[in-house]
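A structural walkthrough
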Amino acid sequence: MTLRMRVPRFVLLAFASAMLALALGTGAAQAAIYNMPPEGSDIVGKLQHIKTSADDTFVKLARRYNVGYRELRLSNPDVDPWLPGEGTPMVIPTRYVLPNVARKGIVINIPEMRLYYFPPEGSEYAGKVVTYPLGIGREGWSTPLAKTTVVRKKADPTWTPPASIRAEHEKAGDPLPAVVAAGPDNPLGQHALYLGLPSYLLHGTNKPAGIGLKVSHGCIRLYPEDIASLFALVPTGTPVNIVSEPYKMGWEGNTLYIEAHPPDANGDAPVRSFTPWVESLISATADHPKAPIDWDRAQAVVEKADGMPEPIGINIDGR
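Keep in mind the model is a prediction, meaning the values are calculated, not measured. (Residues numbered from 1 in each chain as written. Predicted model: local features only at pLDDT ≥ 70, side-chain atom pairs only at ≥ 80, totals over all residues. Heavy atoms only, no water.)

Take the overall build of the protein chain next. Helix and strand counts for the protein chain come out as 7 helices and 18 strands. For the protein chain, the exposed area adds up to about 16,000 Å²; of that, 55% sits on carbon and sulfur atoms. (Helix = DSSP H or I, 4+ residues; strand = E, 2+ residues; numbered from the N terminus. Areas by Shrake-Rupley, 256 points an atom, 1.4 Å probe, with all protein chains shown as cover.)

What follows is the structure, encoded as structure tokens:
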């Protein structure tokens, strides 16, 4: 006879927090946790170069290396996402220019489909930046740009689908109940952070293959293990800044980098206007007016839009 015991939720959360602390303390490769760059620098992480195994797919690799599906597709355009094959060289795009906004609380960059969390001063993890890939709202259900806060946290959330979503499922022959109970069939996963924006959440998912894609009804999805760690880290009241920065400029020492993402967040539409990235580049060099910029290289990086930082200028003054 097998005796089953129900483990209290607070014990599970304490365990999750302990495992997160262990990952932070040991610098685990898959934790996507970095020290903040020094004053005047804006880049964290480094690219990883791997060779695939016979049974690898982009979906498996994305979760293994804590990146989104689209990030792998853009950085490895010549590799078959479903059959990469044995020994195929690939780059894992785990180097990031931090968004050009206040480094406080949660920052979500929609075109990049990535979240950055900056723990507050006094936190055990102050001086770190934690980053996770996201799934975001699909066409017609776009995730809004806004400044808000985390107003509530819920483990094992239930889901009350709005009438519009219930009608959509009914039409597709997949009717939903008025309330979806917590469990493996709940699209919110096991953890949810409720925002001050009505009906918008940061939550887990029961379909992790959708991370790095525009698949949701506007909410922001994370891998189950990522939302568990974020849930343990983030207190209610944390500020949330949802921005659109397809072109991120940043310095590493005296070198200026640009990181470009497709402005439509799908990776299919071409760049239609040069104005946004030109304005961002001019702003990035405002304090270094004599810094020579390779404008042709910058344009090439923008048009390629593979999400990997590339050097485009040097501050010859060294200041």
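Below, the discussion takes up the sheet that holds strand E8 (residues 128–133). On the basis of which strands lie adjacent, the open sheet formed by 9 strands has the order E1-E8-E7-E6-E15-E10-E11-E12-E14 and mixed pairing. Either end of the sheet is taken by a strand with one partner, and the two such strands are strand E1 (33–35) and strand E14 (220–221). The sheet contact formed by E1 and E8 spans 3 bridges and is antiparallel. Opposite Tyr34, over in E8, you have Val129 as the bridge partner. The strands touched by helix H5 (residues 224–233) are strand E7 (114–118), E8, strand E10 (146–155), strand E11 (191–195) and strand E12 (201–203); relative to E11, the strand with the most contacts, the crossing angle is about 55 degrees. (Pairing = 2+ DSSP bridges. Contact = heavy atoms within 4.5 Å. Axes fitted to C-alpha atoms, helices over the stretch in contact; angles between N-to-C directions.)

Here we come to the nonpolar core. With 28 residues, the main nonpolar core has Ile106, Ile108, Leu115, Tyr117, Leu202 and Leu230 as its most contacted residues. Every element with two or more residues in this core is listed here: strand E6 (105–109), E7, E8, E10, E11, H5 and strand E15 (239–243). The dominant element in this core, judged by the number of residues it contributes, is H5, at 4 residues. The residues contacting Leu230, other than those within four sequence positions of it, are Leu115, Tyr117, Tyr132, Leu193, Leu202 and Leu222. By size, the runner-up hydrophobic cluster in this structure holds 22 residues, among which are Tyr34, Phe58, Tyr69 and Leu72. (Core = buried A, V, L, I, M, F, W, Y, C linked by side-chain atoms within 4.5 Å. Buried < 20%, exposed > 50% of the residue type's maximum accessible area, 1.4 Å probe, protein only.)

This part covers the sheet that holds strand E17 (residues 255–260). Read across the sheet, 3 strands follow the order E16-E17-E18 without closing on themselves; strand pairing throughout is antiparallel. On the outer flanks of this sheet lie strand E16 (247–252) and strand E18 (310–314), each paired with one strand and no other. Here the strands of the sheet are splayed against their neighbours by 30 degrees on average, with no regard to which way each runs. Alignment of E17 against E18, held across 4 bridges, turns out to be antiparallel. By the bridge assignment, Leu256 is partnered in E18 with Gly313. Sheet strands touched by helix H6 (residues 275–284): E16, E17 and E18. Its angle to E16, the strand with the most contacts, is close to 25 degrees.

Now for the pattern of salt bridges. Side chains bearing opposite charge may pair, as long as their charged atoms lie close to each other. Taken as a whole, this structure holds 9 salt bridges when the rule is applied. The partner of Arg63 in a salt bridge is Glu225, with the nearest N and O atoms 2.8 Å apart. With Arg63 in helix H2 (residues 58–64) and Glu225 in helix H5, this pair connects stretches of sequence that are 162 residues apart. On the accessibility criterion, Glu225 (36% relative accessible area) is partly exposed. Three or more residues joined by partner-sharing salt bridges are found here, namely Glu112, Lys248 and Glu259. (Salt bridge = Lys/Arg side-chain N within 4 Å of Asp/Glu carboxyl O.)

So, on to the packing of aromatic side chains. Per the stated rule, a full pass over the model turns up 5 aromatic pairs. Ring geometry for Tyr96 versus Tyr116: centroids 6.3 Å apart, planes at 80 degrees, classification edge-to-face. Of this pair, Tyr96 sits in strand E5 (residues 95–97) while Tyr116 sits in strand E7, and the two are 20 residues apart along the sequence. When its relative accessible area of 2% is taken as the criterion, Tyr96 is described as buried. By relative accessible area, Tyr116 is classed as buried at 0%. Aromatic rings pair up to connect Tyr34, Tyr96 and Tyr116 into one cluster. It is Arg152 that lies over the ring of Tyr194; its NZ or CZ is 3.9 Å from the centre. Here the guanidinium or amino end of Lys153 rests over the ring plane of Phe231, the centre of that ring lying 4.7 Å away. (Phe/Tyr/Trp six-rings, centres within 6.5 Å; stacked < 30°, edge-to-face > 60°. Lys NZ or Arg CZ within 6 Å of the ring centre and 35° of its normal.)

All quantities given are derived from atomic positions and should not be read as evidence of function.
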